[in-house]
Amino acid sequence: MNVCIFTWMDAKLSLCSACNVDTLSCSRVAFSVSLYTGDTFKCYGPFGVDTIIAYQHIFINLGMAYNMATGIFTVTYPGVYSLAVTSFSDAGSPGNILAVCTSLQVNGQIVAGSRELNRNDQEDSTTIAVALKLKAGDKVSVKLAKGCYLCDDSNHYNTFSAFLLYADA
């Protein structure tokens, strides 16, 4: 199905341009993922080095730009993107060590970080929300800092989401 745009030029109706609707739908980019898919409450980490988080439950992956195996979102269309990360951890029992430390990275460089090291409670959570101008080919990921960990189950406490707000012309 073609959508046509008509303009008046020299008092004549002429075809200015045609846009294929399928092309518009192909440029849609949006994904939202969470850490685990199962009902069992389990934790991810801690690790001896900073580690990219590979989220395993996909709510939506329009444009197939999020790679579940690597945890990396590869920008397919340049423009302004909305990105969000929520992180949660549970000490398991009062008095246990607890640390939520994640960072949002573009091409391996930290754009925004979150850290919750409150030892006065059993649960910690953080949120990152930013709008960024990204280029095609940029690699966006969430990294878990050394010594920190996340806990999740079917309630999906840990999420990573992005969508294209405005594409570059």
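- Naming follows an unreviewed UniProt entry, where the chain appears as C1q domain-containing protein of Xiphophorus couchianus.
- Note on the chain: under the UniProt heading Subcellular location (unreviewed entry), the record states "Secreted".

**A word on the state of the cysteines**
Piece 1. Under the definition given, this model contains 2 disulfides.
Piece 2. Sulfur-sulfur distance for the disulfide between C43 and C151 comes to 2.0 Å. Judged by the torsion about the S-S bond (95°), the C43/C151 disulfide is right-handed. Linking C43 in strand 4 (residues 42-44) with C151 in strand 14 (residues 150-152), this pair joins segments that are 108 residues apart in sequence.
Piece 3. Look at C43 and you get partly exposed, because its relative accessible area is 36%.
Piece 4. A relative accessible area of 0% means that C151 is categorised as buried.
Piece 5. Note on cysteine connectivity: C101 is disulfide-linked to C148, with sulfurs 1.9 Å apart.

**Some words on the environment of A145**
Piece 1. In this structure, A145 sits in the loop between strand 13 (139-144) and strand 14.
Piece 2. With relative accessibility at 19%, the residue A145 sits in the buried group.
Piece 3. Expressed as a C-alpha distance, the spacing of A145 and S114, which sit 31 residues apart in the sequence, is 10.0 Å.
Piece 4. Residues contacting A145, with those up to four places away along its chain left out, are D50 and C101.

**Here's the deal with a nonpolar patch on the surface**
Piece 1. Together, F59, I60 and L62 give the surface a local cluster of nonpolar side chains, amounting to about 260 Å² of exposed area.
Piece 2. Here I60 is to be found in strand 6 (residues 57-62).

**Observations concerning unusual backbone geometry**
Piece 1. Here the residue pair G45 and P46 is connected by a cis peptide bond, since its omega of -5° sits within 30 degrees of zero.
Piece 2. Checked against the element boundaries, P46 lands in the loop between strand 4 and strand 5 (51-52).
Piece 3. One non-glycine residue, M64, lies in positive phi territory at about 50°.
Piece 4. Not every positive phi belongs to a glycine, and H156 is a case in point at roughly 55°.

**Considering the pairing of strand 3 (residues 30-34)**
Piece 1. For strand 3, the tally of buried residues reaches 5 of 5 residues, placing the bulk of the element in the interior.
Piece 2. Side-chain alternation along strand 3 places A30, S32 and S34 on one buried face and F31 and V33 on a second face that is also buried.
Piece 3. Across 5 bridges, the pairing between strand 3 and strand 6 is antiparallel. Bridge pairing in strand 6 places S32 opposite I60.
Piece 4. Taken together, the 5 bridges between strand 3 and strand 15 (residues 159-167) define a ladder with antiparallel strand orientation. Counted as the bridge partner of S32 is S161 from strand 15.

Rules of the game
- Residues numbered from 1 in each chain as written.
- Predicted model: local features only at pLDDT ≥ 70, side-chain atom pairs only at ≥ 80, totals over all residues.
- Heavy atoms only, no water.
- UniProt positions renumbered as here; feature names shortened; annotations may be inferred.
- Disulfide = S-S within 2.5 Å.
- Helix = DSSP H or I, 4+ residues; strand = E, 2+ residues; numbered from the N terminus.
- Buried < 20%, exposed > 50% of the residue type's maximum accessible area, 1.4 Å probe, protein only.
- Contact = heavy atoms within 4.5 Å.
- Patch = residues over 30% accessible without salt bridge, like charges linked within 9 Å, V, L, I, M, F, W, Y side chains within 5 Å.
- Areas by Shrake-Rupley, 256 points an atom, 1.4 Å probe, with all protein chains shown as cover.
- Salt bridge = Lys/Arg side-chain N within 4 Å of Asp/Glu carboxyl O.
- Pairing = 2+ DSSP bridges.

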